[in-house]
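Here is how the chains run, residue by residue.
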Amino acid sequence: MVENKEVMARNLKKYMDKKGVNAAEICKALNYKPNTFSNWINAKIYPRINRIEELAQYFGVSKAALVEDSENIVLTTKEQTLILNYRDSD
């Protein structure tokens, strides 16, 4: 079973890649200590809920998108179509 901090780390890396930002940019934008953020993305520690909320807002995603293991979520065809249509909309 994957630990919560590992899920969080994987999701952080995914959204960093999608947004095209690095750790230094996030730390500067959100006033985080680089060492603390490094511990999050390396799954050494788990961020507090207020930091998860800030990160979710920064990436424009829900808190659940950061903390839940999306690799184990199975979507129906209708759900997949809905997501694709949403992504294509302005």
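Anyway, here's the lowdown on the structure attached to this text. All residue numbers here refer to positions counted from 1 along the written sequence of the relevant chain. At least 70 in pLDDT is required for a residue's local features to be given in this predicted model, at least 80 for side-chain atom pairs to be given and counted, and no such filter applies to totals for whole chains, interfaces and linings, which use all residues. Note that the side-chain values use all heavy atoms of the structure and ignore hydrogens as well as water.

Another aspect to go through is the packing of aromatic side chains. Side-chain rings of Phe, Tyr and Trp (the six-membered ring for Trp) are treated as a pair once their centres are within 6.5 Å; stacked means planes under 30 degrees apart, edge-to-face means over 60, and tilted covers the remaining angles. Scanning the model with the defined rule gives four aromatic pairs in all. Look at Tyr15 and Phe59: their rings are 6.0 Å apart centre to centre, the planes differ by 40°, and that puts the pair in the tilted class. Here Phe59 lies in helix 4 (residues 49-59) and Tyr15 lies in helix 1 (residues 4-19), a separation of 44 residues in the sequence. As far as burial versus exposure is concerned, Tyr15 and Phe59 are alike and both buried. Arranged with centres 5.8 Å apart and planes meeting at 65°, the rings of Phe37 and Trp40 form a pair that is edge-to-face. Pair noted here: Phe37 and Trp40 are both in helix 3 (residues 34-41), with a separation of three residues, about one helical turn. For Phe37, a relative accessible area of 0% corresponds to the buried category. The secondary structure listing takes helices from DSSP runs of H or I that are at least 4 residues long and strands from runs of E that are at least 2 residues long, numbered from the N terminus. Residue exposure (1.4 Å probe, protein chains only): buried if accessible area is under 20% of the type maximum, exposed if over 50%, otherwise partly exposed.

The next point concerns the pattern of salt bridges. The salt bridge criterion pairs a side-chain nitrogen of Lys or Arg with a carboxyl oxygen of Asp or Glu, the two atoms within 4 Å. All chains considered together, the criterion is met by three salt bridges. One salt bridge in this structure joins Arg51 and Glu54, with 3.0 Å as the shortest N-O distance. Residue Arg51 and its partner Glu54 are both found in helix 4; the two are separated by three residues, about one turn of the helix. Among the residues examined, Arg51 registers a relative accessible area of 29% and is labelled partly exposed. We classify Glu54 as partly exposed; its relative accessible area is 27%. We note a salt bridge from Lys63 to Glu53, for which the minimum N-O separation is 3.6 Å. Placement of Lys63 in helix 5 (residues 63-67) and of Glu53 in helix 4 is noted, with a sequence separation of 10 residues between them. Looking at Lys63, the relative accessible area reads 39%, which means it is partly exposed.

Relative to the helices and strands, Val67 resides in helix 5. Those residues in contact with Val67, other than ones at most four positions away along the chain, are Val7, Met8, Asn11, Tyr46 and Ile52. Throughout, a contact is declared for two residues whenever any of their heavy atoms are within 4.5 Å.

To continue, consider unusual backbone geometry. One non-glycine residue, Asn31, lies in the positive phi region at around 60°. Tracing the sequence through the fold places Asn31 in the loop between helix 2 (23-30) and helix 3.

Coordinates in, geometry out; function isn't part of it.
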